[in-house]
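Fold and contact review
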Amino acid sequence: MLDITLFRDEKKYLEILKSEKNRFKDTKNAEETKKYDDLWKKAKNDCELKKAEKNKITKETAEKAKVKENIEDLKIKSKQLDAEIKDLEKKQVEYLELRDKFRSEVGNLLWHNTTIAQGEENSKILKTWGTAKVQKKDLENFKKLSNNKMKFEQLNYDPKSHVDLGLEKDLFDLERAAKISGSRFYFLKNKLAILHLSILRFAIDKLMKKGFNFMYTPFIVNKDAIEKAAELADFEETLYKVGEDQFLIATAEQTLAAFYMDEIIPKDALPIRFAGLSSCFRKEAGSRSKDTRGIFRVHQFDKVEQYVFCLPEDSEKIHAEMITNEEEIIQDLEIPYRLIDICSGDLNNTAAKKIDLEAWMPVQGTFRELGSGSITTDFQTRKLNIKYEDKNEKFVVHSLNCTTLASPRILTALIENFQDEKGIIHIPKVLQSYTGFKEI
RNA sequence: GCAGGGAUGGCAGAGUGGUCUAAUGCGCUCGCCUUGAGAGCGAGUAUCCGUAAGGAUGCAAGGGUUCAAAUCCCUUUUCCUGCGCCA
């Protein structure tokens, strides 16, 4: 949520409108925010005048009561004021709610170097890494998707989809998962399940070496926290509700973001780096027909997430650092990928800037998202009321989030990239000490 | 799950209907003093609206009683202690 004072400053208000236009959104939310803020201030002022009057009468009453004078007239006057105050208060609350409803739908101010464009195909390819294994039929598409700059080798055999190979090798059971849980659930079996655990542990070790604090977070959050840590759209499309006022987390970002809710962090404690591991639960309501087969898009998965609280001036630097961490780990796993600078029209409201890491998938013949890292400035932390103190003044902390890796999604990338002609899946070297085997 | 006791500013902690405009201490900020540091002294240090003057709010959250609530009542959340249950 944006700072309300930005809407009150004419110059900054114009920046908000511009940012919204650059996101290809209607500026209505910003305009209504300003309108209701003005109305709220007016109602608040009126209400406070009445309250001041009432407070005066209360004091007068106290003095008269002390010397046993008659206070009946004052009581009546006081009651009258109460009714007026109640009325104005109702109005005030109403305007404030409307103001913040609209305000919460205004997107974060775009970062200075976010690409202004609309549509996935207009997001900039920042970088490619690795040597992609490409089927002949996908060559043309591959070149386009990698800016013609990425190394590749043409496959001289037909790789099997992760679903076919996985079923063939008894690495997961999807039918029985569907029977007892529903579609998009899975049992991971045998060596693939070990690989799943190994990858997570590998990523955690790597981040801990870089000074991250490892956090194994709760999977359920209360309404208060999730409302501040998630976006409005998530409640419809992503979040599972459990019980009256509790939700399953869709990412550890949500628990980590809310960790310091309503707290003041000492300035010299920043930056605070968290590596969070949690299961993630997503309804995937907005993607009914996408990736229905296999374990690529599922309702439940495990993820290692980087989450950092920092000073405003450090956001850009730390964002780069987090993306590098993610890259290093994917490089260690030897998965070829590209980095995408997500364009303004495709950004979620919280992100001022977002960089996606997409792996090359030899069977699907395209790049698929493995994770993303966002600069969110003070957008999340303002709602969560997380501040730091500097010279007796309090300021909102900035925060950033970045995937490190998510499994089983990353398993599909490994299966597609590391199967040989005979259908043997080779385990990346760095993982072998974790798995205890070299191939599946 | 049961019983009992708590929740007050950055922290500790006083305050059991009007004099709470929330004491006091610590911490922090600024100033004075000092060669410097410290000590000492003085001022400041919850939130919102307002250029300001000022006003309003605030004692876990929400509701209620009252002319008047940190203080009394109800509901909820949460922490502690003991008992019970449980991997």
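Residues numbered from 1 in each chain as written. Chains lettered and ligands numbered in written order. Predicted model: local features only at pLDDT ≥ 70, side-chain atom pairs only at ≥ 80, totals over all residues. Heavy atoms only, no water.

1. Quick word on the overall build of chain A
- The helix and strand tally for chain A stands at 15 helices and 18 strands.
- Sorting the 440 residues of chain A into buried and exposed places 52% on the buried side.
- Summarising the internal contacts of chain A: among those between residues at least 6 apart in sequence, 71% fall at separations of at least 24.
- If the 76 positive side-chain charges of chain A are averaged to one point and the 76 negative ones to another, these points end up 0 Å apart. (Helix = DSSP H or I, 4+ residues; strand = E, 2+ residues; numbered from the N terminus. Buried < 20%, exposed > 50% of the residue type's maximum accessible area, 1.4 Å probe, protein only. Contact = heavy atoms within 4.5 Å. Lys, Arg positive; Asp, Glu negative; His and termini not counted. Charge placed at Lys NZ, Arg CZ, Asp CG, Glu CD.)

2. Considerations on the packing of aromatic side chains
- Throughout the structure, instances matching the rule amount to 18 aromatic pairs.
- An angle of 75° between the planes, with centres 4.9 Å apart, marks the rings of Phe142 and Trp360 as edge-to-face. Highlighted residues: Phe142 in helix H5 (residues 139–145) and Trp360 in strand E14 (residues 353–361), separated in sequence by 218 residues. No difference in accessibility class separates Phe142 from Trp360, as the two residues are buried.
- Among the aromatic residues, ring-to-ring pairing joins Phe259, Tyr260, Phe274, Tyr307 and Phe309 into one connected group.
- Positioned over the ring face of Trp40 is Arg99, at 5.0 Å from the centre of the ring. (Phe/Tyr/Trp six-rings, centres within 6.5 Å; stacked < 30°, edge-to-face > 60°. Lys NZ or Arg CZ within 6 Å of the ring centre and 35° of its normal.)

3. Thoughts on a nonpolar patch on the surface
- A cluster of nonpolar side chains, contributed by Met208, Phe214 and Tyr216, occupies part of the molecular surface with about 330 Å² of accessible area.
- Considering the arrangement of structural elements, one finds Met208 in helix H8 (residues 190–209).
- On the accessibility criterion, Met208 (44% relative accessible area) is partly exposed. (Patch = residues over 30% accessible without salt bridge, like charges linked within 9 Å, V, L, I, M, F, W, Y side chains within 5 Å. Areas by Shrake-Rupley, 256 points an atom, 1.4 Å probe, with all protein chains shown as cover. Salt bridge = Lys/Arg side-chain N within 4 Å of Asp/Glu carboxyl O.)

4. What to know about the protein's contact with RNA strand B
- Within the structure, RNA strand B sits among 20 residues, and Arg8, Lys41, Asn55, Ser78 and Asn392 are positioned closest to it.
- Per the 4 Å cut-off to the protein, sugar and phosphate atoms form 76% of the nearby atoms of RNA strand B.
- Arg8 places a polar side-chain atom, nitrogen or oxygen, 2.5 Å from a phosphate oxygen of RNA strand B.
- In the model, a sugar or linking oxygen of RNA strand B is placed 3.3 Å from a nitrogen or oxygen of the Lys44 side chain.
- Among the elements of the structure, helix H3 (28–66) and helix H4 (72–103) are those that each provide at least two residues to the surface near RNA strand B.
- Sorting elements by how many residues they give to the surface near RNA strand B places H3 first, with 11 residues.
- Split by residue class, the surface near RNA strand B holds four nonpolar, five polar and 11 charged. (Near = heavy atom within 4 Å. Polar contact = N/O pair within 3.5 Å; in protein donor to acceptor, adjacent residues only side chain to side chain. Nonpolar A, V, L, I, M, F, W, Y, C, P; charged D, E, K, R; others polar.)

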